[in-house]
Amino acid sequence: MLTLTGGKRMFSSLIKSDGIHRQPALRNLRSLLRLCSSAVEWKTVHAGKVAVLTGSTEGIGFAIARRLAQQGAHVVVSSRKQENVDRAIQELKSENLSVSGTVCSVANKDHRKNLVELALEKYGRIDYLLSNASIGIDFKNVFDTTEEEWNEILHTNVIVQFLLVKAVVPHMQKVGGGSIVLTSSVASYTFYPNLGPYCVSKTAIVGMIKILASELALLNIRLNSLAPGPTLTKYQTRHPQSFEPLLNESMKIYGFRRMAEPGEHAGLVSFLFSSDASYITGETIVVGGGFKTRL
């Protein structure tokens with residue numbers, strides 16, 4: 001039920017003393033009602049849905065958690081540090097949003113299990129998964145990287161993503177389907193100097209979703225990937241000596257000649273989770289500000 005400020009004055013202005021409607025005023029009322037209706041619809045896009053998110057207490061993951069919660073979802077955030085989880089929960093709860101959270105280092109099997117169990121314990125279901133947590137590597141020539149570094153980055157950025165998908169699928173089946181988004185990168189398509197293993201891991205995600213999406217479609221579960229371009233996050237500001245030369249070069253061929261804000265990725269993920277994307281699966285969508293990732 002909508003409450004319109006000044007409603008009495010508005011409705012009295014619609015009718016003349018002879019009972020003839022004032023058409024311009026009616027058109028204004030219809031526009032206002034459409035506007036109010038759109039606002040209500042925006043806030044209920046994910047009403048009653050439960051979203052589990054890794055790497056979601058800052059940056060892109062946190063922006064997505066906030067957007068989903070603003071649109072009616074119950075969100076379960078996570079990261080490797082308890083203080084980050086506490087801060088994220090406090091901030092979202094201060095906005096009257098529905099949120100829970102737990103520590104989850106995604107490479108830890110018990111942490112992954114606890115994350116899924118928390119969502120089920122608090123909300124009784126899982127509808128969405130955003131697998132956003134990943135690791136990078138120190139800038140170095142690819143032939144200077146070790147076997148241990150390759151094993152760690154491929155395990156965390158690729159194999160663990162599969163294991164997270166596998167963990168939530170049975171619970172999505174119980175509610176008739178779901179939607180999953182993995183975070184890849186523009187590095188899937190464009191080689192970043194001195195980031196060889198990272199680029200390989202992100203390219204592997206693009207291939208993996210093609211395989212998994214065809215299997216999950218039979219279960220009414222959609223799987224897609226977000227490929228962000230360079231984005232202002234704490235990771236990049238903590239390593240300016242590594243990122244600044246790279247960004248300066250890439251900006252020369254870059255559409256917007258700037259880095260993205262984390263919130264500029266949230267709308268796409270919200271869309272991919274929503275029923276508006278009901279026929280989209282197996283896709284990697286670039287949010288790169290014009291970064292050259294296709295022919």
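In what follows, the structure referred to is the one given above.
For the structure given in this document, a descriptive report is provided here. (Residues numbered from 1 in each chain as written. Predicted model: local features only at pLDDT ≥ 70, side-chain atom pairs only at ≥ 80, totals over all residues. Heavy atoms only, no water.)

Time to look at the sheet that holds strand β1 (residues 50-54). Read from one edge to the other, the open sheet built from seven strands follows the order β3-β2-β1-β4-β5-β6-β7, with strand pairing classed as parallel. For this open sheet the edge positions go to β3 (99-103) and β7 (284-287), each flanked by a neighbour on one side alone. Sheet twist, expressed as the mean angle between neighbouring strand axes with direction ignored, is 20°. Strand contacts of helix α7 (residues 196-216): β5 (178-183), β6 (221-228) and β7, with the helix running at about 165° to β6, the strand carrying the most contacts. Lying over the sheet, helix α10 (residues 266-273) contacts β4 (128-131), β5, β6 and β7, oriented at roughly 150° with respect to β5. (Pairing = 2+ DSSP bridges. Helix = DSSP H or I, 4+ residues; strand = E, 2+ residues; numbered from the N terminus. Axes fitted to C-alpha atoms, helices over the stretch in contact; angles between N-to-C directions. Contact = heavy atoms within 4.5 Å.)

Formed by 29 residues in total, the largest nonpolar core has its most connected members in Leu 129, Ile 180, Leu 182, Leu 216 and Leu 223. Among the elements of the structure, β1, α5 (109-123), α6 (147-174), β5, α7 and β6 are those that each provide at least two residues to this core. For this core, the leading source of residues is α6, giving seven residues. Ile 89, Leu 130, Val 181 and Leu 272 belong to the second largest nonpolar core, which has 26 residues in total. (Core = buried A, V, L, I, M, F, W, Y, C linked by side-chain atoms within 4.5 Å. Buried < 20%, exposed > 50% of the residue type's maximum accessible area, 1.4 Å probe, protein only.)

With that settled, the discussion passes to unusual backbone geometry. Even without a glycine there, the phi angle at Asn 96 is positive, about 60°. If you trace the backbone, Asn 96 turns up in the loop between α4 (82-93) and β3. A positive phi angle, near 65°, is found at Asn 220, a position not held by glycine. With respect to the secondary-structure elements, Asn 220 resides in the loop between α7 and β6.

On to α5. Over its 15 residues, α5 runs 22 Å from end to end, which matches the ideal 21 Å to within 8%, given 1.5 Å per residue. Within the span of α5, buried status applies to Arg 112, Leu 115, Val 116, Leu 118 and Ala 119. In a view along the axis of α5, the buried residues occupy a sector of 150°, so they form one face of it. Among the exposed residues of α5, those pointing more than 90 degrees away from its buried face are Lys 109 and Glu 121. On its buried face, α5 sits against β1, β2 (74-79), β3 and α6. (Expected span 1.5 Å × (residues − 1). Arc of directions from axis to C-beta.)

Note that Gln 71 resides in the loop between α3 (59-70) and β2. Once residues lying within four places of it in the same chain are set aside, the contact partners of Gln 71 are Trp 42, Lys 43, Thr 44, Val 45, His 46, Ala 47 and Ser 270.

Here we come to the packing of α5 against α6. Close contact between α5 and α6 brings their axes to 11 Å; oriented N to C, the two are set at 30°. Judged by the inter-axis angle, α5 sits roughly parallel to α6. You can see that α5 and α6 cross each other, and the crossing is right-handed. Residues Arg 112, Val 116 and Leu 120 of α5 form the contact with α6, whose own contacting residues are Val 160, Leu 163, Leu 164, Ala 167, Val 168 and His 171. When its residues are assigned to classes, the contact of α5 with α6 shows seven nonpolar, one polar and one charged. (Parallel < 35°, antiparallel > 145°, perpendicular 65-115°, else oblique. Left-handed = near helix turned anticlockwise from the far one by under 90°. Nonpolar A, V, L, I, M, F, W, Y, C, P; charged D, E, K, R; others polar.)

Our next topic: the packing of aromatic side chains. To describe a pair of aromatic rings, one takes the distance between the centres and the angle between the planes. Counted by the stated rule, this structure contains one aromatic pair. With centroids separated by 4.5 Å and ring planes inclined at 5°, the aromatic side chains of Tyr 128 and Phe 273 adopt a geometry described as stacked. Of this pair, Tyr 128 sits in strand β4 while Phe 273 sits in helix α10, and the two are 145 residues apart along the sequence. Comparing Tyr 128 with Phe 273 shows no difference in burial state: the two are buried. (Phe/Tyr/Trp six-rings, centres within 6.5 Å; stacked < 30°, edge-to-face > 60°.)

Next up on the list: α6. In a regular helix each residue adds 1.5 Å, so 28 residues correspond to 40 Å; α6 covers 40 Å between its end C-alpha atoms and thus fits that length. For α6, the principal kink sits at His 155 and spans about 40°. (Bend = angle between axes of the 7 residues up to and from the residue.)

Glancing now at the pattern of salt bridges. Enumeration over the complete set of coordinates arrives at five salt bridges. Notably, a salt bridge pairs Glu 91 with Arg 66, separated by 2.7 Å at the nearest N-O pair. Here the residue Glu 91 occupies a position in helix α4, and Arg 66 occupies one in helix α3, the gap between them amounting to 25 residues. Its relative accessible area of 21% is what places Arg 66 among the partly exposed residues. One salt bridge in this structure joins Arg 66 and Glu 95, with 2.7 Å as the shortest N-O distance. Here Glu 95 lies in the loop between α4 and β3 and Arg 66 lies in helix α3, a separation of 29 residues in the sequence. (Salt bridge = Lys/Arg side-chain N within 4 Å of Asp/Glu carboxyl O.)

Before going further, it helps to examine the side chain of Ser 78. Mapped onto the secondary structure, Ser 78 falls in strand β2. A distance of 2.8 Å separates a polar atom in the side chain of Ser 78 from the backbone oxygen of Leu 53. In contact with Ser 78, other than residues within four places in its own chain, are Leu 53, Thr 54, Gly 55, Ser 56, Thr 57, Val 85, Thr 102, Cys 104 and Leu 115. (Polar contact = N/O pair within 3.5 Å; in protein donor to acceptor, adjacent residues only side chain to side chain.)

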